[in-house]
Amino acid sequence: LIDLVQRPLEELATKYASVHREGSVLIGETYLPLGGREGYLLGRARALHDADGNYIGAVEIITDLTERKRAEEALAASESRFREFVKNAPIGIFRTERGGLISEANPALLRSLGVDSLEQANAFGIESIYATVRDRRRLLTAVLRGPVSGFEVDFRRANGEVFIHDHDVNLVLD
């Protein structure tokens, strides 16, 4: 980077996985061998000029990002496995926002409600999913006291059919 600080970005794009400028600082990220092992490096370079504005050199800071990148890759793999686990779970799993909007739901929950999509479930409405408003209030009251397990309420499918839904709920505030 230090030798390239004055070159156009288009020319640098072939040498770095990611390259951009922030003001007068050139920032580039690359993957390369590091003393017998491979690693990720982040370089920041800036041109130095004399009082007349003439280029006289550059200064560069290089940071080894290898451990951070490996942690990011491990986290992404873990998130992917968890997402697949929830998606393929035989039980309904969902998350709602404070106002009752269902923000996430797995296919098992959608099937149990008799809908094909999250949008349909939300059009049906969280209030309509509970057979009675009292059931939802009972559940919300219990959840405010702490995690709930084995809490049975009557749910209503989109076609109006009522069924017993066994809740395990934990309140998580974002």
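Draft legend 1. Just the environment of Thr-66, in detail. Mapped onto the secondary structure, Thr-66 falls in helix H2 (residues 66-88). We classify Thr-66 as buried; its relative accessible area is 1%. Side-chain polar atoms of Thr-66 contact the side chain of Asp-64, separated by 2.5 Å.

Draft legend 2. Spotlight on the pattern of salt bridges. Within the structure shown, the criterion is met by eight salt bridges. Residue Arg-37 is joined to Asp-64 by a salt bridge in which the shortest nitrogen-to-oxygen separation is 3.6 Å. Pair noted here: Arg-37 is in strand E3 (residues 37-49) and Asp-64 is in strand E4 (residues 55-64), with a separation of 27 residues, a long-range link. Accessibility expressed as a relative area gives 43% for Arg-37, which makes it partly exposed. Of the residues examined, Asp-64 reaches a relative accessible area of 40% and is grouped as partly exposed. Here Arg-134 and Asp-135 are joined by a salt bridge, their closest N and O atoms 4.0 Å apart. Each member of the salt-bridge network shares a partner with another, and the members are Arg-134, Asp-135 and Arg-138.

Draft legend 3. Geometry of a nonpolar patch on the surface. A contiguous nonpolar surface patch, about 260 Å² in accessible area, is contributed by Leu-48, Ile-56 and Val-59. Taking relative accessible area as the criterion, Leu-48 reaches 37% and is therefore assigned partly exposed.

Draft legend 4. Structural detail: H2. Helix length check: H2, at 23 residues, gives a terminal C-alpha distance of 33 Å against a target of 33 Å (1.5 Å per residue), a fit within 8%. Three or more residues of H2 are buried, namely Thr-66, Lys-69 and Val-86.

Draft legend 5. Fine view of a negative patch on the surface. A cluster of acidic residues, Glu-152, Asp-154, Asp-166 and Asp-168, forms a negative patch at the surface. Among the elements of the structure, strand E7 (148-156) and strand E8 (162-169) are those that each provide at least two residues to the negative patch. Looking at the element boundaries, Asp-154 is found in strand E7. Exposure remark for Asp-154: the relative accessible area of 32% places this residue in the partly exposed category.

Draft legend 6. Inspection of the packing of aromatic side chains at higher detail. In total, this model carries four aromatic pairs according to the counting rule given. Relative to Tyr-40, the ring of Tyr-31 has its centre 4.7 Å away and its plane inclined at 55°; by these criteria the two rings are tilted. Just above the ring of Phe-163 sits the side chain of Arg-157; from NZ or CZ to the centre is 4.1 Å.

Draft legend 7. The pairing of E4, seen in detail. Sheet topology places E3 next to E4; nine bridges connect them, and they run antiparallel. Looking across to E4, one finds that Ala-45 is bridged to Glu-60. The loop that links E3 with its antiparallel partner E4 comprises five residues; one of these, Gly-53, has a positive phi angle of about 90°.

Draft legend 8. View of the nonpolar core. In terms of nonpolar packing, the biggest core is built from 17 residues, with Leu-113 and Phe-155 touching the most fellow members. Secondary structure elements with two or more residues in this core: helix H3 (107-113), helix H5 (126-129), helix H6 (133-145) and E7. Ranked by the residues each element gives to this core, the list is headed by E7, at four residues. Excluding anything up to four places from it in sequence, Phe-155 contacts Phe-94, Leu-113, Ile-129, Tyr-130, Ala-131, Glu-161, Val-162, Phe-163, His-165 and His-167. If you look at the next biggest cluster of nonpolar residues, it comprises five residues, including Leu-4, Leu-12, Tyr-16 and Val-19.

Conventions we followed
- Residues numbered from 1 in each chain as written.
- Predicted model: local features only at pLDDT ≥ 70, side-chain atom pairs only at ≥ 80, totals over all residues.
- Heavy atoms only, no water.
- Helix = DSSP H or I, 4+ residues; strand = E, 2+ residues; numbered from the N terminus.
- Buried < 20%, exposed > 50% of the residue type's maximum accessible area, 1.4 Å probe, protein only.
- Polar contact = N/O pair within 3.5 Å; in protein donor to acceptor, adjacent residues only side chain to side chain.
- Salt bridge = Lys/Arg side-chain N within 4 Å of Asp/Glu carboxyl O.
- Patch = residues over 30% accessible without salt bridge, like charges linked within 9 Å, V, L, I, M, F, W, Y side chains within 5 Å.
- Areas by Shrake-Rupley, 256 points an atom, 1.4 Å probe, with all protein chains shown as cover.
- Expected span 1.5 Å × (residues − 1).
- Lys, Arg positive; Asp, Glu negative; His and termini not counted.
- Charge placed at Lys NZ, Arg CZ, Asp CG, Glu CD.
- Phe/Tyr/Trp six-rings, centres within 6.5 Å; stacked < 30°, edge-to-face > 60°.
- Lys NZ or Arg CZ within 6 Å of the ring centre and 35° of its normal.
- Pairing = 2+ DSSP bridges.
- Core = buried A, V, L, I, M, F, W, Y, C linked by side-chain atoms within 4.5 Å.
- Contact = heavy atoms within 4.5 Å.

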